[in-house]
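Structure at a glance
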Amino acid sequence: MSQDVRAVVAKSKGAPVTIETVTIPDPGPGEVVVDIAACGVCHTDLHYREGGINDEFPFLLGHEAAGIVEQVGPDVDHVAVGDFVVLNWRAVCGSCRACKRGRPQYCFDTFNASQKMTLSDGTELTPALGIGAFAEKTLVHQGQCTKVSPDADPAVVGLLGCGVMAGLGAAMNTGNVGRGDSVAVIGCGGVGDAAVAGARLAGASTIIGIDMDPGKLEWAKDLGATHTIDATQSDVVEAVRELTGGFGADVVIDAVGRPETWKQAFYARDLAGTVVLVGVPTPDMTLEMPLIDFFSHGGSLKSSWYGDCLPERDFPMLVDLYQQGRLPLDKFVTERIGLDEVEAAFTTMSEGKVLRSVVVL
Ligand SMILES: NC(=O)c1ccc[n+]([C@@H]2O[C@H](COP(=O)([O-])OP(=O)(O)OC[C@H]3O[C@@H](n4cnc5c(N)ncnc54)[C@H](O)[C@@H]3O)[C@@H](O)[C@H]2O)c1
Ligand SMILES: [Zn+2]
Ligand SMILES: [Zn+2]
């Protein structure tokens, strides 16, 4: 039997989100219903509401979540009722070209639930990133559920479902930060500070946090930055060079995603260093630079989608490290809010007052 739950819906472009009654069908083959315990508020939810992702309104928002599997459909063997899971938007297919070549992080046929959740008048909803977890319950594909240690705090570990994983992975997977490396992170919001934490976990010896907001620089220090640069007070490229013996950093992570920050990243790295772009530019942004500069600098230029993570490999490992006290994931939870406070959380986020607001159900 289908069931009705309360959920946060963005009905039209730019309009404030509202709480609606949403109908969840019984899980079909390969699908599961998850009872949501917590879901973080990510910039991408706001992008959806503003029509910046696509026009498939109404959206069921929320995608950084943890909860308990409540119901499973036919042919589900990956999880069972009662399992504590973190939801992911990279349920790899195993059979596309990328998967077959051993690069499943580039899978282009990831699984989502095939049935639709609807408003009470039958209107079909588009779940954000195929998840839709600002809701008492949601319907996902079994592969979108990654089982983790059941005694972890859902508000904390749910954040691995998107932004925090993107930042950690930008450093650990895409940037391949190693012991003794120097790392600079431009933009110390939730994603950038996770990159700082990832660089520390990977053994970087110099970690430089860069932001325009002094409060963010304090958070970056708390998460492992050995030095900070206020981008409103100093020339970022010069300041990174000074802190790295004149060479530039081995890995520079742009967690803002604007032409000017990417250029800073390019010039602030060591000649053979790596630039990682994890901040998401808008489609109208362009870059103009002397081609000779690309030629004369070696190293590599990368982008990082979801931190190049593989949820089944990375989530349980990171939860273990958190529980062992080696990764301060709990520091990313700035406030816990109710389902009806998501709209207010968008404002708080835009004002730079939080790393993450987390809806707790
Ligand atoms: N690649 C991925 O898979 C992925 C996943 C999630 C989020 N993201 C993206 O990562 C980016 C950061 O997300 P967030 O949640 O940390 O956002 P946020 O708003 O919390 O943080 C951005 C930070 O950048 C700082 N900043 C802005 N302009 C700056 C500049 N010119 N120089 C230095 N600092 C500057 C801001 O003060 C802020 O602290 C966003 O673009 C988001 O869409 C990417
Ligand atoms: Zn695939
Ligand atoms: Zn997100």
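Above this text you will find the structure in question.
The structure reproduced in this document is the subject of the present report. (Residues numbered from 1 in each chain as written. Chains lettered and ligands numbered in written order. Predicted model: local features only at pLDDT ≥ 70, side-chain atom pairs only at ≥ 80, totals over all residues.)

**Some thoughts on helix 7 (residues 236-243)**
For helix 7, the set of buried residues is V236, A239 and V240. The buried residues of helix 7 occupy one face: seen down the axis, they fall within an arc of 100 degrees. Here the buried face of helix 7 lies against strand 11 (182-186), strand 12 (206-211), strand 13 (227-230), strand 14 (249-254) and helix 8 (259-267). Once helix 7 ends, the next one or two residues include G245, with phi positive near 65 degrees. (Buried ≥ 20, exposed ≤ 12 C-beta atoms within 10 Å, placed from the backbone. Helix = DSSP H or I, 4+ residues; strand = E, 2+ residues; numbered from the N terminus. Arc of directions from axis to C-beta. Contact = placed C-beta atoms within 7 Å.)

**A few points about the sheet that holds strand 14**
Overall, parallel pairing links the six strands, which are arranged 13-12-11-14-15-16 in an open sheet. At either end of the open sheet lies a strand with only one pairing partner, and these are strand 13 and strand 16 (300-303). Taken pair by pair, the neighbouring strands of this sheet meet at an average axis angle of 20 degrees, ignoring direction. Of the pairings in the sheet, the one linking strand 12 to strand 13 comprises four bridges and is parallel in character. Of the residues in strand 13, the one forming a bridge with G209 is T228. Helix-sheet contacts for helix 7 involve strand 11, strand 12, strand 13 and strand 14, and the interaxial angle to strand 12 is about 165 degrees. (Pairing = 2+ DSSP bridges. Axes fitted to C-alpha atoms, helices over the stretch in contact; angles between N-to-C directions.)

**Quick look at helix 5 (residues 190-201)**
With twelve residues, helix 5 extends 16 Å from end C-alpha to end C-alpha; this agrees with the ideal 16 Å at 1.5 Å per step. Within helix 5, eleven of the twelve residues are buried, leaving the element largely enclosed by the surrounding structure. Looking only at helix 5, the buried set comprises G190, V191, G192, D193, A194, A195, V196, A197, G198, A199 and R200. Contact partners of the buried residues in helix 5: helix 4 (163-174), strand 11, strand 12, helix 6 (214-222) and strand 14. Positive backbone phi, at 95 degrees, marks G203, one or two positions downstream of helix 5. (Expected span 1.5 Å × (residues − 1).)

**Some words on the site of ligand 1**
Inspection of the region around ligand 1 gives 29 residues, with A166, G187, G189, V191 and G279 positioned closest. Those elements that provide at least two residues to the shell around ligand 1 are helix 1 (43-49), helix 4, helix 5 and strand 12. Among the elements that take part in the shell around ligand 1, helix 5 stands out by supplying three residues, more than any other. By residue class, the composition of the shell around ligand 1 is 14 nonpolar, twelve polar and three charged. (Near = placed C-beta within 6 Å. Nonpolar A, V, L, I, M, F, W, Y, C, P; charged D, E, K, R; others polar.)

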